[in-house]
There are 2 protein chains.
Amino acid sequence: MASPTPTAPAQKITTESLRGSLGFLLRVAQLRSFGHFFAVMGDEEVRPGEVTVLDLIRENPGIRQGMVSKTLKIKRAQMSKMIREMEREGLVARSVPEDDRRAIELRLTKEGEAMIAAITARFPEIERRTQAALTPAEGAELRRLLIKLNGLDKTKGEDSDDPDDER
Amino acid sequence: MASPTPTAPAQKITTESLRGSLGFLLRVAQLRSFGHFFAVMGDEEVRPGEVTVLDLIRENPGIRQGMVSKTLKIKRAQMSKMIREMEREGLVARSVPEDDRRAIELRLTKEGEAMIAAITARFPEIERRTQAALTPAEGAELRRLLIKLNGLDKTKGEDSDDPDDER
DNA sequence: TTTATTTTGTCTACTAGGAAACAAATAACA
DNA sequence: TGTTATTTGTTTCCTAGTAGACAAAATAAA
């Protein structure tokens, strides 16, 4: 043996196995998209999760906290903290419906509306950067595949093969 | 006004805006894939990150800690903890090369080899579950698109439009 | 050589998120 | 009706991951 120790040259490494892992590819892609989010939103003091929450409430005024949690795959405990903070900041209003006094309905305040409007205005730029390496057709196809992968294309509710489901 | 408060019926909500967000779609997909990972690996005491680290070291014996960190997009601080723990568990061996005494080269121990072998044996099942909703052709296309999106198809090193880059 | 700059890994907070126990309200059931 | 089970949100504790300062070694510059 010419080389006594099997040491990689530190420049060229192989990632064969990694490329085969959908989980790894998804994780990296997600980290990149978050990076683009912060690059574009840098000055605004918001996080990706908060934005999706605000946007979902905007689209569904009066939606229940638990439904937001389920839709966005955010744990209820975390949602509880997040909403409390947003209420403190004056972005969302919470109200208890009279027909079910356990639940909490969420609506945006004026400030919340303004905030999410300002933010969504920058969405296209984030999307553009995120899929910059792809052709428009590839970007569209990627979306379609992810929607299908996530079971978001079904009109029916229960997919139930979802391992992240809280049972 | 017939309906005094614009309250959503709590069953049917719309997620129009969310579906348009690649970041959200990626996040949900990634959560699902992690869910499948734990469902299949349930009995083994390993996390997705640890598995990718072990697998990368197996493929590149003697790889430096920093290179693992960069390749897997794991922060160096976190990598430091992770490797220390793995060394304690007897899975990896660390050695300081004589030509650069700052660096640390990583190799798998016998136990590490056995561990990652047992784990990778279950990879196909995880992959199968993760892309169960897609046809084989769609799964392959999704991989291809993610690899391209992540810039992993380029042989050259620097992409540099990567916002997650530690500068 | 001496001095600055960069690289590499570690350490010390700090934050986001998760698990599990909990309380209150509702629903299901005898 | 009373009793049990489920749903809904909250609280507390814990872990994974991040940011930033740090030390040591290597490199570049004087």
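Caption draft 1: Expanded view of the protein's contact with DNA strand D. Among the 19 residues in the neighbourhood of DNA strand D, the closest are listed as Gln65(A), Ser80(A), Arg94(A), Arg102(A) and Gln78(B). Here the atoms of DNA strand D within 4 Å of the protein split so that 62% fall in sugar or phosphate, with bases taking the remainder. Between a phosphate oxygen of DNA strand D and a side-chain N or O atom of Ser80(A), the distance comes to 2.6 Å. Residue Arg94(A) places a side-chain N or O atom 2.7 Å away from a phosphate oxygen belonging to DNA strand D.

Caption draft 2: Local environment of the protein's contact with DNA strand C. Around DNA strand C sit 19 residues, and of these Gln78(A), Gln65(B), Gly66(B), Ser80(B) and Arg102(B) come closest. In the environment of DNA strand C, a phosphate oxygen lies 2.8 Å from a nitrogen or oxygen atom belonging to the side chain of Arg47(A). Taking Gln78(A), its side chain carries an N or O atom lying 2.7 Å from a phosphate oxygen of DNA strand C. For the surface near DNA strand C, the secondary structure elements donating two or more residues are helix H5 (76-88) of chain A together with helix H4 (65-72) and helix H5 (76-88) of chain B. For the surface near DNA strand C, a count of residues per class yields four nonpolar, four polar and eleven charged.

Caption draft 3: Region of interest: the sheet that holds strand E1 (residues 63-64) of chain B. Residues and elements named next belong to chain B. If you walk across this open sheet you meet the three strands as E1-E3-E2, and the pairing is antiparallel. The strands lining the two open edges of the sheet, one partner per strand, are E1 and strand E2 (92-95). With respect to the sheet, H5 is in contact with E2 and strand E3 (105-108), its orientation differing from that of E2 by roughly 115 degrees.

Caption draft 4: Structural detail: the packing of aromatic side chains. All names here are of chain A. Going through the model one piece at a time under the given rule, you end up with two aromatic pairs over all chains. When the ring of Phe37 is compared with that of Phe38, the centres are 5.3 Å apart and the planes differ by 90 degrees; the resulting orientation is edge-to-face. Taking the relative accessible area as the measure of exposure, Phe37 reaches 7% and is therefore buried.

Caption draft 5: Broad picture of the interface of chain A and chain B. Taken together, the contact between chain A and chain B spans 71 residues of the former and 71 residues of the latter. Carbon and sulfur atoms supply 61% of the area buried between chain A and chain B, which totals about 6700 Å² over both sides. Its largest share of buried area at the contact with chain B, chain A owes to Leu22(A), Arg32(A) and Leu149(A), together 10% of the area lost on that side. Here chain A is connected to chain B by four salt bridges. Notably, a salt bridge pairs Arg144(A) with Glu138(B), separated by 3.2 Å at the nearest N-O pair. Across the contact surface, chain A and chain B share 30 residue pairs in polar contact (both at pLDDT 80 or more). When residues of the side of chain A that touches chain B are assigned to their parent elements, the largest contribution, 15 residues, is made by helix H2 (residues 22-41) of chain A. Here the residues of the side of chain A that touches chain B are counted per class, giving 29 nonpolar, 21 polar and 21 charged.

Caption draft 6: Local environment of the environment of Ala103(A). All names here are of chain A. Tracing the chain through its elements places Ala103 in the loop between strand E2 (92-95) and strand E3 (105-108). As for Ala103 and Gly66, which are separated by 37 residues in sequence, their C-alpha atoms are 8.1 Å apart. Ala103 has contacts with Arg64, Ser95, Val96 and Pro97, leaving out every residue within four places of it along the chain.

Caption draft 7: Structural detail: the packing of helix H8 (residues 136-149) of chain A against helix H2 (residues 22-41) of chain B. Between H8(A) and H2(B), the least distance of the axes is 10 Å, while the angle of their chain directions is 40 degrees. One way to sum up the angle between H8(A) and H2(B) is to call them oblique. In this structure, the crossing between H8(A) and H2(B) has a hand that is left-handed. Contacts between H8(A) and H2(B) involve Leu142(A), Arg143(A), Leu146(A), Ile147(A) and Leu149(A) from the first element and Leu22(B), Leu25(B), Leu26(B), Ala29(B) and Arg32(B) from the second.

Caption draft 8: How the structure looks around the pattern of salt bridges. All names here are of chain A. In total, this model carries 26 salt bridges over all chains according to the counting rule given. Glu141 is the partner of Arg144 in a salt bridge, and the nearest nitrogen-oxygen pair spans 3.1 Å. Placement of the pair is Arg144 and Glu141 together in helix H8, with a separation of three residues, close to one helical turn. Residue classification places Arg144 among the partly exposed positions, given a relative accessible area of 38%.

Caption draft 9: Representation of the confidence of the model for chain A in the model. Residue-level pLDDT values for chain A average 86, and 86% of them are 70 or greater. In the model, residues 156-160 of chain A has pLDDT below 50 throughout and makes three contacts with residues more than four positions away in sequence or in other chains.

Caption draft 10: Local environment of the relation of the copies chain A and chain B. Least-squares fitting of chain A to chain B yields an RMSD of 0.0 Å, with the superposition described by an axial translation of 0.0 Å and a rotation of 180 degrees. A rotation of that kind, with that shift, is consistent with a two-fold axis.

Caption draft 11: Spatial organisation of the nonpolar core. The biggest cluster of nonpolar side chains holds 77 residues, and the ones touching the most others in it are Val53(A), Leu142(A), Leu146(A), Val53(B), Leu142(B) and Leu146(B). Every residue in contact with Leu146(A), bar those within four places of it in the chain, is listed here: Leu26(A), Leu22(B), Leu25(B), Leu26(B), Ala29(B) and Leu142(B).

Reading guide: rules and limits
- Residues numbered from 1 in each chain as written.
- Chains lettered and ligands numbered in written order.
- Predicted model: local features only at pLDDT ≥ 70, side-chain atom pairs only at ≥ 80, totals over all residues.
- Heavy atoms only, no water.
- Near = heavy atom within 4 Å.
- Polar contact = N/O pair within 3.5 Å; in protein donor to acceptor, adjacent residues only side chain to side chain.
- Helix = DSSP H or I, 4+ residues; strand = E, 2+ residues; numbered from the N terminus.
- Nonpolar A, V, L, I, M, F, W, Y, C, P; charged D, E, K, R; others polar.
- Pairing = 2+ DSSP bridges.
- Contact = heavy atoms within 4.5 Å.
- Axes fitted to C-alpha atoms, helices over the stretch in contact; angles between N-to-C directions.
- Phe/Tyr/Trp six-rings, centres within 6.5 Å; stacked < 30°, edge-to-face > 60°.
- Buried < 20%, exposed > 50% of the residue type's maximum accessible area, 1.4 Å probe, protein only.
- Buried area = accessible area lost by both parts, 1.4 Å probe.
- Salt bridge = Lys/Arg side-chain N within 4 Å of Asp/Glu carboxyl O.
- Parallel < 35°, antiparallel > 145°, perpendicular 65-115°, else oblique.
- Left-handed = near helix turned anticlockwise from the far one by under 90°.
- pLDDT = per-residue confidence, 0-100.
- Least-squares fit on C-alpha atoms with pLDDT ≥ 70 in both.
- Core = buried A, V, L, I, M, F, W, Y, C linked by side-chain atoms within 4.5 Å.

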